[in-house]
Amino acid sequence: MSYQRTQQFSSRRQQGWNRNQNTTRFVSAIKLGPVAHTVIVALMITVLGLIYLTQATRATSYDYQAKEIDSQIAELTTKKGDLEVENARLTALEAVQNSSVAREMTQPASTEYAR
Amino acid sequence: MKLEIQKGSRSKILAIIVVGLMAVFVVRLFYLQIIKHDEYVALANSEQVKRLTIPAKRGLIYAMDGTRPVELVLNETVYTLFADPKIIKDKSKITDTIHRIAGGNVRPNIDVLLDKKETRYQILATKLSRAQAELIKKEKLAGIGFQEVSQRVYPEGGLAAQTLGFVNAEGIGQYGVESKLDARLKGEDGMLQSVTDVSNVPLTIGDRNVHDPAKNGDNVVLTIDRNIQAYTEKALATGLQQTGAQKGSVIVMNPENGRVMAMANLPTYKPAEFNKVQDADAFNNAVITSPYEPGSDIKTLTVAMGLDKGVIEPNSTFVNTDSIKVEDRTIGNATKGQTGTITMQTALNYSLNTGMVTIAQRLGDGKSINANARNTMYEYFHDRFGFGMKTGIELAGEQPGTIIAPTRQEGNAVRYSNMAFGQGMDLTMAQVSAAFCSIINGGTYFKPTVLAGTMSVDRKTFKEDTVQPVRSAVISPSSSAKARAMVYEARTKFYAGKDKPGYEIGGKTGTSQTIVNGKYVDNQTDGTYLGYGGDDRPRYVIMVQVSGKNMNLEGGKHALPIFTDISNWMIDYLKLQPKG
């Protein structure tokens, strides 16, 4: 018995892809009908909606935090303004003239000028 | 498995009902969301989207304290306490608490106000401080609320009241810089458009939110020096008390740049209590709003004009007979006895009208105040010294005064002879002072100004405005030097007794006749004094005016002491060194 050599050699493994491709097929035993599809789509929409709502609520919670901080800033600004007004009142000419330091001051007897 | 719905089965009926309901929903949603879309969007926006105004803060006003700006007008947040009588139950607790904490800010009849159950808003107290408001809030009184209000506060009380003006209940500036610079001071309100929750808290959701921040008003710095202003007001009050005069005004200027260092008027008021003022005349800044016949102060300008035109020198002579004829009128001197051949310096020293009319005549043909003389005088008074025109000072209510042009029938020789010694024209003190500055500073006219510059938003950097002369060479430098020397001599001759030695202080008295019901009256004259002081050069110009109903007030007796008082104090304040 003799064997004739072919021009090209292909191993079985190389040939197997093409040769056995339709030999088996997976078929699921579970079949989804139109109701199941509808439910799944509804669930997906619900989940996405919940995610959106979570994010929107989180953004809104930041708004309340921002509002709180704004209120604090406004209050501190008001306090700062009050202190500035008080400072201006305390350093006003009348307040200075009536201070104990001013009352202790005397008129200079004479003035010398550096030339 | 194949699902089948049999004809007439309950499942089929249910399916038809469900489909029918779905169809109803679809149609209804189509109607609401498509056809009524705009209407419901607008309705939702009106409920959810709020447009909130962000109020701009009114700019502060500063004065100078030497070279340092200090606050003269600030803003303060105060609180108005209001109640809803309909929901108030414990009235006695509310009244006790409010009286205990708010004290004098409480309205007198809050018991009656709280009994007005048919109303929903009653103001119980105003102008509460933040501390008072916080204390009342801690009591957690039902039916009580607070409203924030911004108001002007004046740490220096009534200082420079007429220069500042005030802000009325509507937030509009009245009088002074508050009115003149209202647009700059008030700024521009901002706007916040946003979706809000039920508590009006702005939310970031939504795609039409707008945040346009408010632009606060400029913080302006005045040239007014609070120390000079305070002393000027004190000196004026003392002077009026001593003379019995009812009204008085003073302006203190820097002749080197036209900056007003002080501007005082009496009677005055406190801007924080503007609503208590009985006579609105107290709001007026007479220095700029009340033109008057300036009288003999103008002789300094007439002399300067004659020097500049070369028709006189200080030692030029003329024959004084204590009267001089101009057309059909005879003009006399108030001070008589200096007859004979006298110098122009003597004429100025004794404030002789005849000398000034002689200068006017010499501007013409030497014998009459002809058209050439009148044109020359008008050119100096109107075009160079700015009489009859507003100076442009940054204060509300400035008046231009009146000066009659020679082209008009009333602008005849008689009028111009009167104008030579300060009658026949109405000028403000600001106009006269600014003109006087120009004849003693070398001949440069500066606009009188109360604006020194602006303070930055963070209130740390003072940006000073540059000063530009309005007109240069109003008179020549040599004429200015001669005029200054003559004014110095006019004071030294009679009035320098109380001056600090070693300083150059010059000035001129003025006593102005007044017009009542269109006629000059003999029983009422205004006293003025216009002068300068300094060391090697003029450092300040002071003009004083005192007046009173049915009072004969004189410049030398009643206005001059106020000038001298302020002048001597200015020398110390400016730390000027004596000559020699």
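K.L.:
Sorry if this is basic, but what is going on with the overall build of chain B here?
P.N.:
When its secondary structure is counted, chain B shows 18 helices and 22 strands. In terms of overall size, chain B is more extended than a compact globule, its C-alpha atoms giving a radius of gyration of 35 Å where 580 residues would be expected to give roughly 25 Å. The buried share among the 580 residues of chain B stands at 50%. Sequence-distant contacts, at least 24 apart, represent 71% of the contacts inside chain B between residues at least 6 apart. Approximately 27,500 Å² of chain B is accessible, and the part contributed by carbon and sulfur atoms is 52%. One way to put it: in chain B the 68 positive side-chain charges average out to a point 4 Å from where the 59 negative ones average out.

K.L.:
Explain unusual backbone geometry here, please?
P.N.:
With the exception of glycine, most residues fall at negative phi, and the peptide bonds are largely trans. All names here are of chain B. The omega torsion of the bond from leucine 266 to proline 267 falls at 0°, within 30 degrees of zero and hence cis. Its location among the elements puts proline 267 in the loop between β13 (260–266) and α10 (286–289). The backbone of alanine 160 sits at a positive phi, close to 55°, despite the residue not being glycine. By secondary structure assignment, the location of alanine 160 is in the loop between β5 (144–153) and α6 (161–164). For alanine 160, a relative accessible area of 1% corresponds to the buried category. Phi is positive for serine 351, close to 55°, though the residue is something other than glycine.

K.L.:
What's the story with the domain arrangement of chain B in this structure? I'm lost.
P.N.:
Residues and elements named next belong to chain B. Here the domain parsing of chain B yields domain 1 (56–191 + 212–222) and domain 2 (225–573). Relative placement of domain 1 and domain 2: their C-alpha centres are 42 Å apart. Across the contact, 36 residues belong to domain 1 and 34 residues belong to domain 2. When the two sides are added together, the surface that domain 1 and domain 2 hide from each other amounts to roughly 2,900 Å², 60% of it contributed by carbon and sulfur. As a salt-bridge pair, arginine 226 and glutamate 156 come within 2.5 Å of each other at their nearest N and O atoms. With five residues, strand β3 (residues 68–83) is the largest single contributor of residues to the side of domain 1 that touches domain 2. Split into classes, the residues belonging to the side of domain 1 that touches domain 2 amount to 20 nonpolar, ten polar and six charged.

K.L.:
I keep staring at the interface of chain B and chain A and nothing clicks. Help me out?
P.N.:
How large an interface is tends to be reported as the accessible area lost when its parts come together. Listed by partner, the interface residues are 26 residues for chain B and 20 residues for chain A. Carbon and sulfur atoms supply 53% of the area buried between chain B and chain A, which totals about 2,000 Å² over both sides. Ranking the residues of chain B by area buried against chain A places Arg130, Pro155 and Gln577 of chain B at the top, with a combined share of 23%. For the interface between chain B and chain A, the tally reads three salt bridges. Of the charged contacts in the structure, one is a salt bridge between glutamate 84 of chain A and arginine 459 of chain B, with a shortest N-O distance of 2.7 Å.

K.L.:
What's the story with the environment of tyrosine 64 of chain A in this structure? I'm lost.
P.N.:
Residue placement: tyrosine 64 of chain A occurs in helix α2 (residues 34–90). It is 19 Å that separates the C-alpha atoms of tyrosine 64 of chain A and tyrosine 52 of chain A, two residues lying twelve residues apart in sequence. What tyrosine 64 of chain A contacts, discounting residues up to four positions off in sequence, is Asp197, Val201 and Leu203 of chain B.

K.L.:
I keep staring at the sheet that holds β13 of chain B and nothing clicks. Help me out?
P.N.:
Backbone hydrogen bonds hold the strands of a sheet together, and the pairing may be parallel or antiparallel. All names here are of chain B. Taken together, the five strands give an open sheet; going across it, the order is β13-β12-β22-β21-β20, and neighbouring strands pair in antiparallel fashion. For this open sheet the edge positions go to β13 and β20 (504–516), each flanked by a neighbour on one side alone. The mean angle between the axes of side-by-side strands here comes to 10°, regardless of whether they run parallel or antiparallel. When β20 meets strand β21 (residues 519–534), the two strands line up antiparallel, connected through 13 bridges. In the strand pairing of β21, isoleucine 505 is matched with glycine 533. Helix α9 (residues 226–243) rests against β12 (247–253), β13 and β22 (538–547) of the sheet, and its axis sits at about 35° to β13.

K.L.:
Which parts of the structure should I look at to understand the pairing of strand β15 (residues 323–326) of chain B?
P.N.:
Within a regular beta strand, the side chains point alternately toward one face of the sheet and then the other, so they alternate between its two faces. All names here are of chain B. Every second residue of β15 is oriented toward a common face, the buried set being Ile324 and Val326 and the non-buried set Ser323 and Lys325. Relative to strand β16 (residues 329–332), β15 runs antiparallel, the two being bridged by four bridges. Looking across to β16, one finds that isoleucine 324 is bridged to isoleucine 331. Remark: two residues form the turn of the hairpin made by β15 and β16, two consecutive strands paired antiparallel; glutamate 327 in that turn has positive phi of roughly 50°.

K.L.:
Even after reading the chapter, I still don't get the confidence of the model for chain B, so can you show me in this structure?
P.N.:
The predicted coordinates of low-pLDDT regions are not to be read in fine detail. Looking at chain B, the pLDDT average stands at 92 and 98% of residues meet or exceed 70. For this predicted complex, the interface confidence comes out at an ipTM of 0.78, alongside a pTM of 0.84.

K.L.:
Looking at this structure, I do not really get the side chain of asparagine 227 of chain B. What am I missing?
P.N.:
By the element assignment, asparagine 227 of chain B lies in helix α9. At a separation of 2.4 Å, a polar atom in the side chain of asparagine 227 of chain B contacts the side chain of aspartate 65 of chain B. In contact with asparagine 227 of chain B, not counting residues within four places along its chain, are Leu93 of chain A together with Asp65, Gly66, Trp569 and Tyr573 of chain B.

K.L.:
Help me understand the environment of lysine 117 of chain B, please; the structure alone is not making it clear to me.
P.N.:
Residue and element names in this part refer to chain B. Tracing the backbone shows lysine 117 in the loop between α4 (110–114) and β4 (122–128). In this structure lysine 117 comes out as partly exposed when scored by relative accessible area, which is 39%. For the pair formed by lysine 117 and arginine 226, sequence separation is 109 residues and the distance between their alpha carbons is 51 Å. The contact partners of lysine 117, leaving out residues within four places of it in the chain, are Pro85, Lys86 and Ile88.

K.L.:
I tried to follow the side chain of serine 351 of chain B on my own but got confused; where do I start?
P.N.:
All names here are of chain B. Mapped onto the fold, serine 351 is located in the loop between α12 (344–349) and α13 (353–362). Only 3.2 Å separates the side chain of serine 351 from the side chain of serine 296, close enough to count as a polar contact. Within the structure, serine 351 has its side chain in polar contact with the side chain of lysine 508 (distance 2.9 Å). In this structure serine 351 touches Ser296, Lys299 and Lys508, once residues within four positions along its chain are discounted.

Cut-offs and rules
- Residues numbered from 1 in each chain as written.
- Chains lettered and ligands numbered in written order.
- Predicted model: local features only at pLDDT ≥ 70, side-chain atom pairs only at ≥ 80, totals over all residues.
- Heavy atoms only, no water.
- Helix = DSSP H or I, 4+ residues; strand = E, 2+ residues; numbered from the N terminus.
- Rg over C-alpha atoms; globule rule 2.2 N^0.38 Å.
- Buried < 20%, exposed > 50% of the residue type's maximum accessible area, 1.4 Å probe, protein only.
- Contact = heavy atoms within 4.5 Å.
- Areas by Shrake-Rupley, 256 points an atom, 1.4 Å probe, with all protein chains shown as cover.
- Lys, Arg positive; Asp, Glu negative; His and termini not counted.
- Charge placed at Lys NZ, Arg CZ, Asp CG, Glu CD.
- Domains from an automatic or database assignment.
- Buried area = accessible area lost by both parts, 1.4 Å probe.
- Salt bridge = Lys/Arg side-chain N within 4 Å of Asp/Glu carboxyl O.
- Nonpolar A, V, L, I, M, F, W, Y, C, P; charged D, E, K, R; others polar.
- Pairing = 2+ DSSP bridges.
- Axes fitted to C-alpha atoms, helices over the stretch in contact; angles between N-to-C directions.
- pLDDT = per-residue confidence, 0-100.
- Polar contact = N/O pair within 3.5 Å; in protein donor to acceptor, adjacent residues only side chain to side chain.

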